[in-house]
Amino acid sequence: MTMPRSYLYFLAVPLVFVADAAFAHAIVVASTPLPNETIAASETEVEVRFNSRVDRARSRLTLVGPGGASVVLPLADGAAETLKSRASGLEDGRYRILWQTLSVDGHITHGEISFQVKR
Ligand SMILES: [Cu+2]
């Protein structure tokens, strides 16, 4: 099957643009805890891994507890693609890890990972 050259050109341009944007932004590729994981302990490692390096000084992990109170988690050293910390003193209930990050292309992205503590 053959296509007019001009049609292929217009088809290709948006695909290139989308691929470029996807590589540039920080996207979560793995996490601890996993989304909706249940933890049977009062503390856990917190790690969010992205598809690209992140600016740790301008990134943040916030833990929101079952009662709605939130605390900014201190970031530990680690791989350049990760935000790493530790949450302790956890009670039973549903928690959310809010992540906000500045990726190397200067774009801020954010999201959240929900998990449950049940002992
Ligand atoms: Cu970007």
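Residues numbered from 1 in each chain as written. Predicted model: local features only at pLDDT ≥ 70, side-chain atom pairs only at ≥ 80, totals over all residues. Heavy atoms only, no water.

A. Region of interest: the pattern of salt bridges. Counted according to the given criterion, the structure contains five salt bridges. Among the ionic pairs, Glu 47 bridges to Arg 49, the shortest N-O distance being 3.5 Å. Overall, Glu 47 belongs to the buried group, its relative accessible area being 15%. On the accessibility criterion, Arg 49 (34% relative accessible area) is partly exposed. Arg 119 is the partner of Asp 92 in a salt bridge, and the nearest nitrogen-oxygen pair spans 3.4 Å. Of this pair, Asp 92 sits in the loop between strand S6 (82-87) and strand S7 (93-102) while Arg 119 is found in the segment after strand S8 (108-117), placing the two residues 27 residues apart along the sequence. Asp 92 gets classed as partly exposed once you look at its relative accessible area, which sits at 41%. Arg 119 sits in the exposed class, given a relative accessible area of 53%. (Salt bridge = Lys/Arg side-chain N within 4 Å of Asp/Glu carboxyl O. Buried < 20%, exposed > 50% of the residue type's maximum accessible area, 1.4 Å probe, protein only. Helix = DSSP H or I, 4+ residues; strand = E, 2+ residues; numbered from the N terminus.)

The analysis is restricted to geometry; functional conclusions fall outside its scope.
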